[in-house]
Amino acid sequence: MSRSSSRSRRALRVDQALVTLLAFLLVSIMGGLLGAALVMPAVATTGQVTRAGTELFSDLPAELGIPEPSERSTILASDGTVLSTFYAENRIIVESEAIDNDMRNAVVAIEDERFYQHNGVDLQGIMRATVNNLTGGALAGASTLTQQYVKNLLIEQGRRSGDAEAIEGATETSLGRKLREAQLAIALEQQQSKDEILTGYLNIAQFGPSVYGVESAAQHYFNHSAADMSVAESALLAGITQSPARWDPVAHPDNAQVRRDLVLDNMLRLEFITEEQHAEAIATPVEEMLDVTYTQNGCGAAGNAAYFCDYVVKDLLANEEWGESLADRQAMLYRGGLTITTTLDLDRQAAAYETVTANVPVTDPSDIRMALTSIEPGTGRIQAMVQNTNYGPPTETDQDATLINLNVGTDRGGGNGFLTGSFFKVFTLTEWVDEGHSINDRVNATDREFRRAEWNISCMPEVADDYDPGNLESGLGAARGLVTVLDATARSINTPFIEMGTQLDLCGIIDTAAAMGVDAQANGDPMVPRPSMLLGTNQNTPIQIAEAVATLAAEGVHCDPVAILAVTDSAGNDVPLPPASCEEALAPEVAAEVTTALESVVQPNSTGSNAVLPDGRPAAGKTGTANLDAAAWFAGYTPQLASAIWMGHIDSNESMFDSTINGQFHEEVYGGLYPAMVFSEYTARALEGEPVLQFPDRTTNRPSTADDDDDDAPGVNVPDVVGYSVDDATTLLERAGFTVSVGAERPSEWRAGGVAASSPASGSSAPRGSVVNIYPSSGPPSEEPASEPPTTEEPSPSDPPSDDETEAPSGGDD
């Protein structure tokens, strides 16, 4: 030993002697006080000690306000699978019968072997510890398990209330603190049984770094419950509580083994175990006992559901019913021992994540992101929420990781949203039908400039302005002349929707969008009814868009998104939740007619052709592509499921022109490409095994299955195809779900080659799948000039079914 070390040891022993001498004097005083309290008041004395004891203990609290220890909360998927855990202290409270008896005996053996003999304070133990310390033996304490329990309760009470002074008062080295602790221990022994006190201590004590309570400790160190502890395991855990860092078996296995063996020796001496049990436990190396599992704190443990978890947490903390302040609500989550059952369907979540990342990998060099939210129509229950990023702050090894949830707005941990492009036409279409117009109405598709005076913006007339949007020059979005609203929707032609907007109040379109769930922009700013909004220059989120199409799928019933099914507290009592909010936003017949139009999008040779589902399952939806391909969308639905898919850069205004995605080069990236493909692949997996339901009949509004008799099939309005070429008319009728038969030519006002008539006639209701006969024109019967047939400007087979938009500059309000 070095000379300096020797001097240090001598100095330490002098300090210990002085402290021990002082402790002896204090303990002598306390012993007198405690003796006065513990002796039955049958003998009257006149000594000062007795008077002091009477004053101190005559007012023992009649009932102690014992705080519930902090307990971790758990978020579950809808099937009960654990998604994540939240805790200020990683603790699981268990009942007495859920703790192995060897564990109980081990703690008594090492911490307070006279636990079952004393009344909260052990005078015999105090004197023994004092003599031991004075005579140079190993330093010993004299606090009973009851006193330690009281101390831990006071510390926990300070932590829960955020009272630093209370914590300091519970841990300071002073006679006053010891006397108060003793007083409370005696009172506690009068109110609780020994079993209750021991169970309480085992639930509150610290068993290692960030491990509190015996159940969490057993799961952490051994990966099983505290109900199934061996003798060696019990002794190992019991030894930790004196100094959780020093005796930590993971960090210091040798120290832990020495301490464990001391516990085993005490257990043998007190006859808690046999010689054979002792020998077997002593022979077991600590390293061989451990099966360490770590409980990650927070949403990072939720894997591909981390962003959904984050949404749930933000939703809970925003709910004022959980507490007056944010701090109160955080305390409830991190200390309340809640069990939070969510709406998440793990099978659908897996299907969503795998589909999204298979199309646009997390590590794709393009740095293009994709997000998907899926909602159950009629309930608002969120089924899946994914994006192709890793959850967490950026690191050197993963610079693309993010905590921003791309599916939601800023109030729920998301960003500023994304330009919706032509998806916004859905709201114009809905308002058009709601105002009494038809999807078979014809509107002008010819490019033109729309003048300021043409707009009706009752709520904000000052934003009216000239607007010159234009159509695409080729592909499905190119057109001129009159087209039906149905055809304009299927092909996502711009100008007809601007024409429709001039016949409506733009504020009515904003109100319709709000009723369907898009009531604000992603950052909370109001939706602005400028003419450019008709082509999607407001910025919204996938959850808003999924909410909107779910309204159509539910026959006009809008439901706020729901992420939480139930919450129970640590005692299993239900915690009140805000009631589910569902109300009719649209008349059923309006929703049905809009759905008919959107079904035409999800057909071959339409903008949503990549979204067609297998096995004849019907779907409706709408593409959307922002200016310069800054964002691409597809939102679609069946009667059972509604989903919205966005893709783009996190910087929402960065173009996706000339991008190589998943190894494939694309000059353009539009909503009918990857988002539509993901919708089809995900929805097919999500609905695997579910019945194939048709959309409701617009007259009876009853769901119908694909197996219904033809006589009961829902009626569909026959589109107006008179004047179209035979090929174009065939395309329009097939999009509407009919089989086409071409009959004999007949004279008409239309030039030869146009359709002269159809049977059933346009506007008639006919079962989906039935035959519509069309009759080509042979020309006029006289020398009168023939009418030119309208053109639909269908693309050549080499043209991809591109999306739609030529818009105002991106930025939302221009």
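Refer to the preceding data block for the structure.
Keep in mind that this is a model prediction, so the values were computed, not measured.

Check the secondary structure of the chain and you find 24 helices and 28 strands. Counted over contacts in the chain with a minimum sequence separation of 6, partners at least 24 positions apart contribute 72%. As presented, the chain carries roughly 34,200 Å² of accessible surface, and 48% of it is formed by carbon and sulfur atoms.

Our next topic: the layout of surface pockets. What the second largest pocket holds in volume is close to 890 Å³. Lining the second largest pocket are 36 residues, and of these Tyr311, Asp315, Arg412, Asp560 and Pro561 sit closest to its centre. Broken down by class, the residue content of the lining of the second largest pocket amounts to 17 nonpolar, twelve polar and seven charged.

Moving on: helix 23 (residues 674-686). The first and last C-alpha atoms of helix 23 sit 18 Å apart over 13 residues, in line with the 18 Å expected at 1.5 Å per residue. Listed in full, the buried residues belonging to helix 23 are Tyr674, Pro675, Ala676, Val678, Phe679, Ser680, Tyr682, Thr683 and Ala686.

Here we take up the packing of aromatic side chains. Enumeration according to the criterion identifies ten aromatic pairs in this entry. Summarising the aromatic geometry, the rings of phenylalanine 423 and phenylalanine 427 are spaced 5.8 Å apart at their centres and angled 85° between planes, so their arrangement reads as edge-to-face. The two residues phenylalanine 423 and phenylalanine 427 agree in class, both being buried. Centre to centre, the rings of phenylalanine 424 and phenylalanine 427 are 5.0 Å apart; their planes meet at 65°, and the pair counts as edge-to-face. Look at phenylalanine 424 and you get buried, because its relative accessible area is 1%. Taken together, the aromatic side chains of Phe423, Phe424 and Phe427 make up a single cluster linked through ring pairs. In this structure, lysine 194 is placed above the aromatic ring of phenylalanine 115, and the distance from its NZ or CZ to the ring centre is 4.4 Å.

Note that histidine 220 resides in helix 9 (residues 214-222). Filtering out sequence-adjacent residues up to four positions away, histidine 220 remains in contact with Val211, Asp291, Val292, Thr293 and Tyr294.

Burial runs high along strand 26 (residues 755-759): four of the five residues are buried. In this sheet, strand 28 (residues 771-776) lies alongside strand 26 in antiparallel orientation, the contact comprising four bridges. Note on strand 28: the bridge partner recorded for serine 759 is asparagine 773.

With that settled, the discussion passes to empty space enclosed by the protein. If you roll a probe as big as a water molecule over the atoms, it shows you where there is empty space left. One pass over the full model with this rule turns up two cavities of 30 Å³ or more. Computed from the structure, the second largest cavity encloses a volume of approximately 40 Å³. What lines the second largest cavity is Ile375, Glu376, Pro377, Gly378, Gly380, Glu547, Ala550, Thr551, Val557, His558 and Cys559. Elements that contribute at least two residues to the lining of the second largest cavity include exactly helix 21 (542-553) and strand 14 (557-559). Among the residues making up the lining of the second largest cavity, the classes are represented as five nonpolar, four polar and two charged.

Applying the stated criterion across every chain yields a total of three disulfides. Across the disulfide, cysteine 459 is cross-linked to cysteine 507 (sulfur-sulfur distance 1.9 Å). Where cysteine 459 bonds to cysteine 507 through sulfur, the torsion about that S-S bond is close to -90°, and the disulfide is left-handed. Of the two residues, cysteine 459 sits in the loop between strand 11 (442-444) and strand 12 (482-484) while cysteine 507 sits in helix 20 (residues 506-515), which places them 48 residues apart along the sequence. Given the relative accessible area of 4%, cysteine 507 is considered buried. Across the disulfide from cysteine 559 sits cysteine 582; the S-S distance is 2.0 Å. Measuring the twist about the S-S bond at about 115°, one finds the cysteine 559-cysteine 582 disulfide to be right-handed. Of the two residues, cysteine 559 is situated in strand 14 and cysteine 582 in strand 16 (residues 582-584); the sequence distance between them amounts to 23 residues. A residue is classified by how much of its surface remains accessible, and cysteine 559, at 8% relative accessible area, is buried. Across the chain, the way the bonded cysteines pair up, counted in sequence order, is 1-2, 3-4, 5-6.

Here we have four strands laid out as an open sheet, ordered 2-1-5-15, and mixed in their pairing. Two strands bound the open sheet, and with one partner strand each, they are strand 2 (82-86) and strand 15 (564-568). The sheet shows a mean angle of 15° between the axes of neighbouring strands, direction not considered. In this sheet, strand 15 lies alongside strand 5 (residues 339-342) in antiparallel orientation, the contact comprising four bridges. Within strand 15, the position partnered with threonine 341 by the bridge is alanine 566.

Before going further, it helps to spend a moment on the sheet that holds strand 19 (residues 642-648). Two orientations exist for strands paired in a sheet by backbone hydrogen bonds: parallel and antiparallel. As summarised here, the arrangement of the five strands in space is 7-6-19-18-17, forming an open sheet in which the pairing is antiparallel. Each of the sheet's edge strands pairs with one partner strand only, and the pair in question is strand 7 (382-387) and strand 17 (620-625). Averaged over all adjacent pairs, the angle separating strand axes in this sheet is 5°, with direction ignored. As paired strands, strand 6 (residues 369-375) and strand 7 are joined by five bridges and run antiparallel to one another. Along strand 7, the bridge assignment pairs alanine 371 with glutamine 387. In the packing of helix 22 (residues 588-599) onto the sheet, the strands contacted are strand 17 and strand 18 (631-637), and the crossing angle to strand 17 comes to about 65°.

Below, the discussion takes up the pairing of strand 2. Across the five residues that make up strand 2, a large majority, four, are buried. As paired strands, strand 1 (residues 73-76) and strand 2 are joined by four bridges and run antiparallel to one another. Within the sheet, the bridge partner assigned to threonine 74 lies in strand 2 and is threonine 85.

Our next topic: helix 9. Counting buried positions over the nine residues of helix 9 gives eight, a clear majority of the element. When we look at burial in helix 9, the residues that qualify are Val214, Glu215, Ser216, Ala217, Ala218, His220, Tyr221 and Phe222. Among the structural elements, helix 3 (101-111), helix 8 (194-204), strand 3 (206-208), strand 4 (211-212), helix 10 (231-240) and helix 13 (286-289) are those in contact with the buried residues of helix 9. After helix 9 finishes, the residue asparagine 223 shows a positive phi value of roughly 65°.

Criteria and thresholds
Residues numbered from 1 in each chain as written. Predicted model: local features only at pLDDT ≥ 70, side-chain atom pairs only at ≥ 80, totals over all residues. Heavy atoms only, no water. Helix = DSSP H or I, 4+ residues; strand = E, 2+ residues; numbered from the N terminus. Contact = heavy atoms within 4.5 Å. Areas by Shrake-Rupley, 256 points an atom, 1.4 Å probe, with all protein chains shown as cover. 1 Å grid on protein atoms, 1.4 Å probe; cavity = no way out; pocket = protein on both sides within 12 Å on 5 of 7 lines; lining within 4 Å. Points joined across faces, edges and corners; volume = space filled by probe spheres on them. Nonpolar A, V, L, I, M, F, W, Y, C, P; charged D, E, K, R; others polar. Expected span 1.5 Å × (residues − 1). Buried < 20%, exposed > 50% of the residue type's maximum accessible area, 1.4 Å probe, protein only. Phe/Tyr/Trp six-rings, centres within 6.5 Å; stacked < 30°, edge-to-face > 60°. Lys NZ or Arg CZ within 6 Å of the ring centre and 35° of its normal. Pairing = 2+ DSSP bridges. Disulfide = S-S within 2.5 Å. Axes fitted to C-alpha atoms, helices over the stretch in contact; angles between N-to-C directions.

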